[in-house]
Amino acid sequence: MTDYAVSMKNVSACYVRGKNVLENASLDIPFGVSVSVVGINGSGKTTLLRAMCGMVDTSGTVTLAGHDISRMKRRDIARYVSVMEADEGGSPDFTVREAVAMGRYVHKRGIFGTDPDRGATERALCETGLEAAAEKKVTELSGGQRQRVCLARVFAQQTPIILLDEPMNFLDLKYRTELMEYLMRWKQGHTEVDGISYQNTLIGVHHDLSLARSMAEYMIFVKEGKILMYDRIESLDLRDALKAAYGMDAYAVMQEMAKYWTKG
């Protein structure tokens, strides 16, 4: 079994002819870790995330758990990796339970699903505290609750890798903290695919640097479509890395902001 959840070798992605949004990216992300991807808007963070799961056309090689995604069907990729983005919530016509059950599409063998499908849906509702809201329409929920539905759907998909594309944007502190706690608890577990148990792995693009730092064991710094640095946090000079990625002393800014919470 491969040690890497995601491996990328010389990966480039191009939306506009002649202009790479992601250029020559290479990295190996082991199973069982949490990784934060940071950089200014338009630096290529989301494209990097999408390249990891085959959502954009790429050159180079991307593997998930040792499997080359260029040789995998979309359904098979979705058994290894799920994606949670901001401002989702499912169709307005669906109940919370129905929206969460959509995460089982990669496993279903019938229209109505099987007992394992229903069991996974109910566990996901419980794991995200949505049991009491299961029969409500998604449109009846607050923004924070809708994001919890998105998370429950991802949990129901039962993949060992979750990709986060700024899912906590626009959430207040309470819901942001709740989602972070649910995700970090999930990261401590394992998920089985085809009889093989993998340590859960979390890879997230975060706009909030404090959130990115608090959730991560590894950090990826991206600028102008290139990976500037990628390593364990304790091996990085965060001040230099942030300055290179943001073009300013972002570390000093964060330290200055923190002072307001240490005053008596």
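Residues numbered from 1 in each chain as written. Predicted model: local features only at pLDDT ≥ 70, side-chain atom pairs only at ≥ 80, totals over all residues. Heavy atoms only, no water.

Peer 1: Please clarify how the packing of aromatic side chains should be interpreted in this entry.
Peer 2: The geometry of two aromatic rings is summed up by the distance between their centres and the angle between their planes. One pass over the full model with this rule turns up four aromatic pairs. Relative to Tyr-230, the ring of Tyr-218 has its centre 5.6 Å away and its plane inclined at 25°; by these criteria the two rings are stacked. Separated by twelve residues along the polypeptide, Tyr-218 in strand β11 (residues 218-223) and Tyr-230 in strand β12 (residues 226-232) bring together distant segments of the chain. Residue classification places Tyr-218 among the buried positions, given a relative accessible area of 10%. (Phe/Tyr/Trp six-rings, centres within 6.5 Å; stacked < 30°, edge-to-face > 60°. Helix = DSSP H or I, 4+ residues; strand = E, 2+ residues; numbered from the N terminus. Buried < 20%, exposed > 50% of the residue type's maximum accessible area, 1.4 Å probe, protein only.)

Peer 1: How do you make sense of the pattern of salt bridges when you look at a structure like this?
Peer 2: Side chains that differ in sign of charge can pair as their charged atoms come close. Throughout the structure, instances matching the rule amount to 13 salt bridges. A salt bridge links Arg-50 to Glu-85; the shortest N-O distance between them is 3.7 Å. Taken together, the positions of Arg-50 in helix α1 (residues 45-52) and Glu-85 in strand β6 (residues 81-85) put the pair 35 residues apart, joining distant regions of the chain. By relative accessible area, which is 30% here, Arg-50 ends up partly exposed. Ionic pairing is found between Glu-122 and Arg-97, a salt bridge with its closest N-O pair at 2.7 Å. In this pair, Glu-122 sits in helix α4 (residues 115-127) while Arg-97 sits in helix α3 (residues 96-101), placing the two residues 25 residues apart along the sequence. Here Arg-97 falls in the partly exposed class, since its relative accessible area comes to 27%. Several salt bridges share partner residues, and in doing so they unite Arg-97, Glu-122 and Glu-135 into one network. (Salt bridge = Lys/Arg side-chain N within 4 Å of Asp/Glu carboxyl O.)

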